[in-house]
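One letter stands for each residue in the lines below.
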Amino acid sequence: MDWTALRLSLELSGLTALLLLPLGMLIARELAWRPLRGRAWFEALVALPLVLPPTVLGYYLLSAFGGASWLGHAYQLLFDRPLAFSFQGLLLASILFNLPFAVQPMQRAFESIPREVREAAWVSGLSHWRAFWRIELPLAWPGIVSSMVLTVAHTVGEFGVVLMMGGNIPGETRTISIAIYDRVQAFDEHAAATMSALLLVFSLVAIAVVYVISDRNKRA
Amino acid sequence: MSEGLFARLEQRSPIPLEAELRCDAGELAALVGPSGSGKSTVLRCIAGLYRPRAGEVRCGGSMWFDGAIDLPPQQRRCGFVFQSYALFPHLSALKNVMLAAGHLPSQQREARGRELLDLVNLCGLEGRRPAQLSGGQQQRVALARALARDPQVLLLDEPFAAVDRVTRRKLQRELALMRERVRIPIVLVTHDLDEARMLADSITILHHGRTLQRGAPAEVMARPGSAEVARLLDLGNLFEAKILEHLPERNRTTLEWGGLVLEAMHAPAFAVGERASWVIAPEYVILHRRDRPSRGERENPIEGVVRVCAVLGETTSVVIEVCDQPGGALAMNIATHHARRNRLAPGEKVTVSLLAEGIHLMPWGGAPR
């Protein structure tokens, strides 16, 4: 059992969820309510990681984060270390490939709040900020929790993108799913089986939580 | 500036608007029009939920919108009852109302909420969520919430559309009583003319975003400003005629209608030879009794044949063909016992009088439909 990898995975997924909570909510609200030109393209862009092969996404991210790119170059200059094959690079990649998992459930949740309910809040004298806290958030929370659970579970399980652009550096980019692959390659059946079972249970619990929430929400 | 509400809204697109609405404090103004006529948009403009290109909205002595000024909904003290009520589903009835009383110190909000729920007869249901309330109860919560801001105007968007008939009657009665206690302008959007007639002090007719006429309900019904208004009001007996001559000495104007000559009250606004539309309310169509003379028998007596005689409970709806012009059929409602006594039946010949004072002339507005 690779505890370092497990800790890294949990850190990565926790941070990804934390950062995606405000960012995803912002994007989700815009997509849900604002009349946007080219909305379909924007939504497609957000959903792209769902259908793009992880290797393709990983390849582009690697090119974008590498020392030859302006982003990688700037990062190197600022922090004196490369962005690719680092935890920070992995976190950035994780935010990108988790966008659909974070945004879509929240978008559906915000969309399900009738326009008139928000308008009723405004004509009742609630500022946009108070309407958000008192009306929108309590009504959208099941979707928000779902999106966070999915983001965490998906980050823990992501393999292709991580391998492509993080490599397999212990304590830096070796997540638990990479560790399982690594153990299988090394014929360490026992460790691979333990970690796989752990991920299996974790994923099952995560997805069950999402269904329990949506079930309760339907009944309420 | 008066304490009442005044709104003038103008824009070409995307929703054409050319509307003017006024409602004094304590007055209930009904905004009437078919669906899609822009009634809700007018309300939304007043509440600040929709910004028209140009116009003016002022209320309670302050300017809410005039092109340069555009107060957000939070700063316009509007009580708004949405057609769907738009209650906050996760909050109890009391919390729904309290949330709209944000202008009060927090320790007073609960008392105010309870007081308002009491006003709308919801005592004992404060803790229920909207889903646990009936349609009529939800409507009452919405009304209490709208009043919680101590609004300067109350806007009701088809508030009775989603409840059953019995509840509707009850809620309408309650609104009529509540008006006595809340002396602010109230705008009621409805497509139900009977509702408007029953509750409103004034009716404003809206069509394609344009206000066509404003007046007391009885006045608008009896004297529509145009054939278009008459059609929107679903007034039967809308016809067209040609002005024959003016007889000021007799206070009469004569018209030619489908080969018949009718006398109307003197209407010098119309030129001789001009085409005009005219309506007559059913109460001014007098059926001649067979046994003895009737009131106004000598005014515009017309012979006709009964085409339809439908008994609708205590009243009977009768359609009499009086001339062979298109649309040359008069509709009238008479008491069923009266119809029986006169042995009215399809095919029977009858004589009716059209009382001159009931003939209302309007500028010609297209062929009768």
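The model shown is predicted, which means the values in this text are computed figures rather than measured ones.

Calculation notes
Residues numbered from 1 in each chain as written. Chains lettered and ligands numbered in written order. Predicted model: local features only at pLDDT ≥ 70, side-chain atom pairs only at ≥ 80, totals over all residues. Helix = DSSP H or I, 4+ residues; strand = E, 2+ residues; numbered from the N terminus. Buried ≥ 20, exposed ≤ 12 C-beta atoms within 10 Å, placed from the backbone. Pairing = 2+ DSSP bridges. Axes fitted to C-alpha atoms, helices over the stretch in contact; angles between N-to-C directions. Core = buried A, V, L, I, M, F, W, Y, C linked by C-beta atoms within 7 Å. Contact = placed C-beta atoms within 7 Å. Expected span 1.5 Å × (residues − 1).

Draft legend 1. Geometry of the overall build of chain B. When you go through chain B residue by residue, the secondary structure sums to 9 helices and 20 strands. C-alpha extents for chain B along the principal axes are approximately 75 × 50 × 35 Å. Out of the 369 residues belonging to chain B, those deemed buried represent 41%.

Draft legend 2. Here's a closer look at the sheet that holds strand β20 (residues 359-363) of chain B. Residue and element names in this part refer to chain B. The 5 strands are arranged β13-β12-β11-β14-β20 in an open sheet whose pairing can be described as antiparallel. One side of each edge strand has no neighbouring strand; the edge strands of this open sheet are β13 (260-265) and β20. Between one strand axis and the next, the sheet turns through 45° on average, direction left out of account. Two elements, strand β14 (residues 275-280) and β20, share 5 bridges in a ladder whose sense is antiparallel. Counterpart to S277 in the pairing with β20 is M362.

Draft legend 3. A look at the nonpolar core. In terms of nonpolar packing, the biggest core is built from 152 residues, with B:V97 and B:V187 touching the most fellow members. Ranked by residue count, the leading element in this core is helix α8 (residues 128-157) of chain A, at 11 residues. Residue contacts for B:V97: discarding those within four places in its chain leaves B:G113, B:L116, B:L117, B:V141, B:A144, B:R145 and B:A148.

Draft legend 4. Helix α6 (residues 99-111) of chain A, seen in detail. All names here are of chain A. Taking 1.5 Å of rise per residue, 13 residues should cover 18 Å, and α6 covers 17 Å from first to last C-alpha, within 8% of that figure. In terms of residue burial, α6 counts as a mostly covered element, since 11 of its 13 residues are buried. Burial in α6 covers these residues: L99, P100, F101, A102, V103, Q104, P105, M106, Q107, A109 and F110. Buried residues along α6 sit in contact with α1 (3-33), α2 (39-51), α5 (87-97) and α8.

Draft legend 5. Quick look at unusual backbone geometry. Cis rather than trans, the peptide bond between B:S13 and B:P14 has omega equal to 0°. With respect to the helices and strands, the residue B:P14 is situated in the loop between β1 (5-11) and β2 (17-23). The phi dihedral of A:F85 falls on the positive side, at around 60°, and the residue is not glycine. Inspection of the secondary structure assignment puts A:F85 in the loop between α4 (70-79) and α5. Here the phi dihedral of B:A86 falls at roughly 50°; this positive angle occurs in a residue that is not glycine. Mapped onto the fold, B:A86 is located in the loop between β6 (78-81) and α2 (93-99). Overall, the presence of 24 C-beta atoms within 10 Å leaves B:A86 in the buried class.

Draft legend 6. The arrangement of the pairing of β2(B) in detail. All names here are of chain B. Here β2 shows a buried face lined by L17, A19, L21 and C23 and an unburied face lined by E18, E20 and R22. Where β1 lies against β2, 7 bridges are found, and the strand directions are antiparallel. Of the residues in β2, the one forming a bridge with L9 is A19. As consecutive antiparallel partners, β1 and β2 are separated by 5 residues.

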